[in-house]
There are 2 protein chains.
Amino acid sequence: MPKINPTRLLNDLKTLRSFGATGPGVVRLSLSPIDLEARRWLAERMSDAGLDASIDGVGNVFGRSRNAGPALLIGSHTDTQPTGGWLDGALGVMFGIEIARALAECDATKHLAVDVASWIDEEGTFAGFLGSRSFVGDSVDDAIRHARNREGTLLADALRQAGIADAPRVRIDTTRHKAYLEPHIEQGGRLEAGGKSIGVVTTIVGIRELTLRFTGQRNHAGTTPMHIRRDAGAALVAFIARMNDAFASLADADTVWTVGRIDLDPGSFSVVPGRADMSLQFRDANAARLEAMERALATLIDEFNAKAGVRVEIIASEPPEQPVVMDHALQTHLADAAEALAPGQWERMPSGASHDAQVIAHHVPACMLFVPSIGGVSHDFIEDTEETHIVLGCEVAARAAANILHALHRDS
Amino acid sequence: MPKINPTRLLNDLKTLRSFGATGPGVVRLSLSPIDLEARRWLAERMSDAGLDASIDGVGNVFGRSRNAGPALLIGSHTDTQPTGGWLDGALGVMFGIEIARALAECDATKHLAVDVASWIDEEGTFAGFLGSRSFVGDSVDDAIRHARNREGTLLADALRQAGIADAPRVRIDTTRHKAYLEPHIEQGGRLEAGGKSIGVVTTIVGIRELTLRFTGQRNHAGTTPMHIRRDAGAALVAFIARMNDAFASLADADTVWTVGRIDLDPGSFSVVPGRADMSLQFRDANAARLEAMERALATLIDEFNAKAGVRVEIIASEPPEQPVVMDHALQTHLADAAEALAPGQWERMPSGASHDAQVIAHHVPACMLFVPSIGGVSHDFIEDTEETHIVLGCEVAARAAANILHALHRDS
């Protein structure tokens, strides 16, 4: 079995952290000057690892093994949130480079092909999953023409300023790329709470996102008796309580739903709210359950509207994101490697967050491996993972990578 | 009995409306140029009614009868909200002037003394109840030095620009002022809903106003399982449900409570709120019930904090406003007049809104009479009252005024 070099891995991760380091965290927004510096450094690390490295026409850093396929593609992202952590995305990319090096250093595996990618803009500074979408052949030309970052810069202009607008775009080669592995931090507290070191992802959850509006009658809070009020805020609160019951009866332990925002209009002490809006997001690994939750919500809305008083309606909703199941054979390789190196210290779990793997899984068998996040924190400067967990995660991923490639060679 | 002149009353009300008329409503903020014009016109109307009229050092318009006391003081306010109605306040002042005229025109009442006041700034453009507070001898010098309107103008400067800063301030004369009557629009929908024409106010309700803060843990809405969340918004919703039950078990039909504002932090779809604030106001005519509600709230807060998870605390509260009971003998005079002129068409009721009467009631026996608000609307351009209700209200007030003054003469 190939052996990773923990010191080399951690040093490279820490060097990557230095691009945009801000306190314990990192600010490295897609296509910012510091992100472009990091991408050039990353391409060098890939070249040093023996890969043919390039930055493509949307900003993906891609390192192609000189070995013939079948190839395992290992990737994630190195762009960050506006207040990002040092490992969110970066971990998976550096694991990929370290695994490519480790396999190359081992006689039993040096013939195997590991390609490594850092997908641009997973975090959506301009357009979420831009890099992985471009890689699988989704059209990103509209995004390039119209997407802007918070400063108002057009993506097309940012690519031109970066000097890469005319570079070729790396595309998936399904005759070569037979499996995709994305190692990542968990971004939640489940592994830590369960005392586990490794998560083998079963599914990337589906997401529904909508805004509900309650319309009643604005009134004087002193002179309007309770029984004649049409209080939109009180209706919203009552609705959430009913919705919690309805969702809880459908949920399993991994189902989540969140009211992240509430606005009462006009929003003053002395006025009964005439209008109330709330955001609602729910996520689940099971497409049927998401649909059942949608139906339960629709039923609840109908029940509310059948009564006089406050009217409720869905005023906005995002296109549904369907759950994406990880490839079962690849899950088994990860599970076997985890059991070999950390017996009893791993578990299967859904990913509650979105990842590039959900884009790529529609084209190539894909899998994900999680390492624990301290305190379950992510998208925050203080996001962190124990070094022992980082090293163990890379060892498990390297072992699984070797086994996946051996299996691919057997099958081909 | 004195007879009011409905045409004269309505014409005067409509003329007053023309100062600051905006669509069907009125914008006549305290000490604005149009408010000062209206005050000068009002002083003329008082003079024409045979009163010695002046604008005092804070802007009160005061018309003093030349008859000896005991005097009935009739007043309200002629300043408006930023989007005010034409009758809120104005009605009571014009009733006062019409009643002074009607009593002077009747041989049986022409010896009786009715003084009439328009108290400045009831609506708090600079400092709420400024005029009535000054009249009863509360110190308003701090307010004059420090209070500003929305444009940032100091009250002291506004009084100087109005040319009244050095005018004497009218003060209560308890040897003369033996009763206070404030006619007013209801500003709620209770009379209309009950098919009544007149309200006799029993009490001006007390008010508690506070802000509650819920502090949990901000988290990723996808990766944080429900059972380990410390969702401040969900706790707020659960708290309101419990509070509604607790308050409902203490309430009578007139008790009101309002959550007018909710803020979840950070307020986004994908983040479990770490902090949630809500405004809470409750009003009741019964001081003991307000205290019981405060205790119920404190108990609920303790119960929430006894559980782990989200912490709740009161982070701000206004000084309590205690309920103010209207004088029973004066209520009886109003009730008798209402029953004589509108048998069965009146009711006793609390005032859910605040009024100058609550300031003056601490110094002189006070009472209030309500006429219905169409649709219960106030503090809005479309606020209105049927002309028949305006006229009836003035007739009832005039009859009660004569009887109150006759009784005062008998007692003196």
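On a predicted model such as this, the values are computed, not experimentally measured, just so you know.

Q: How should the relation of the copies chain B and chain A be read in this particular structure?
A: What connects the two chain copies is a rotation about an axis and a shift along it. Mapping chain B onto chain A leaves a residual RMSD of 0.1 Å; the transformation is a rotation of 180° accompanied by 0.1 Å of translation along its axis. Accordingly, the operation relating the two chain copies is best matched by a two-fold axis.

Q: What am I meant to see in the packing of helix α10 (residues 328-341) of chain A against helix α12 (residues 387-411) of chain A here?
A: All names here are of chain A. Packing of α10 against α12 leaves a shortest axis separation of 8 Å and a crossing angle of 130°. Classified by the angle their axes make, α10 and α12 are oblique. As α10 packs across α12, the resulting crossing turns out to be right-handed. Of the residues in α12, those in contact with L330, H333, L334, A337, A338, A340 and L341 of α10 are L392, E395, V396, R399, A400, N403, I404 and A407. Partitioning the contact of α10 with α12 into residue classes produces 11 nonpolar, 2 polar and 2 charged.

Q: Looking at this structure, I do not really get the pairing of strand β6 (residues 113-118) of chain A. What am I missing?
A: Put simply, side chains in a regular strand alternate between the two faces of the sheet. Residue and element names in this part refer to chain A. With 6 of 6 residues buried, β6 lies mostly within the body of the structure. Relative to β6, strand β4 (residues 61-64) is paired through 3 bridges, and the arrangement is antiparallel. The residue bridging V61 from the neighbouring strand is S118, located in β6. Direction of pairing for strand β5 (residues 71-76) relative to β6: parallel, over a ladder of 6 bridges.

Q: What's the story with the UniProt feature "binding site: Zn(2+) 1" (unreviewed entry) in chain A in this structure? I'm lost.
A: Residue and element names in this part refer to chain A. The positions UniProt marks with the feature "binding site: Zn(2+) 1" (unreviewed entry) are H77, D88 and H184. These residues run over 108 residues, yet every pair of their C-alpha atoms falls within 9.5 Å of each other. As for its placement among the helices and strands, H77 is situated in the loop between β5 and α3 (90-104). Exposure remark for H77: the relative accessible area of 0% places this residue in the buried category. When sequence neighbours within four positions are dropped, the list of residues in contact with H77 reads D88, G89, A90, V93, S118, W119, E122, E123, H184 and D356. A polar contact of 3.0 Å, which involves the side chain of H77, links it to the backbone oxygen of D79. Its place among the elements puts D88 in the loop between β5 and α3.

Q: Explain the interface of chain B and chain A to me, please; I cannot follow it from the model alone.
A: Bring the parts together and some accessible area is lost; that lost area is often taken as the interface size. Taken residue by residue, the interface counts 45 residues in chain B and 45 residues in chain A. The junction of chain B with chain A conceals about 3700 Å² of combined surface from both sides, 59% of it contributed by carbon and sulfur atoms. The interface formed by chain B and chain A contains 0 salt bridges. Where chain B touches chain A, the interface holds 12 residue pairs in polar contact (both at pLDDT 80 or more). In terms of residue count, the dominant contributor to the side of chain B that touches chain A is strand β14 (residues 275-284) of chain B (4 residues). Residues belonging to the side of chain B that touches chain A are distributed by class as follows: 19 nonpolar, 21 polar and 5 charged.

About the criteria used
Residues numbered from 1 in each chain as written. Chains lettered and ligands numbered in written order. Predicted model: local features only at pLDDT ≥ 70, side-chain atom pairs only at ≥ 80, totals over all residues. Heavy atoms only, no water. Least-squares fit on C-alpha atoms with pLDDT ≥ 70 in both. Axes fitted to C-alpha atoms, helices over the stretch in contact; angles between N-to-C directions. Helix = DSSP H or I, 4+ residues; strand = E, 2+ residues; numbered from the N terminus. Parallel < 35°, antiparallel > 145°, perpendicular 65-115°, else oblique. Left-handed = near helix turned anticlockwise from the far one by under 90°. Contact = heavy atoms within 4.5 Å. Nonpolar A, V, L, I, M, F, W, Y, C, P; charged D, E, K, R; others polar. Buried < 20%, exposed > 50% of the residue type's maximum accessible area, 1.4 Å probe, protein only. Pairing = 2+ DSSP bridges. UniProt positions renumbered as here; feature names shortened; annotations may be inferred. Polar contact = N/O pair within 3.5 Å; in protein donor to acceptor, adjacent residues only side chain to side chain. Buried area = accessible area lost by both parts, 1.4 Å probe. Salt bridge = Lys/Arg side-chain N within 4 Å of Asp/Glu carboxyl O.

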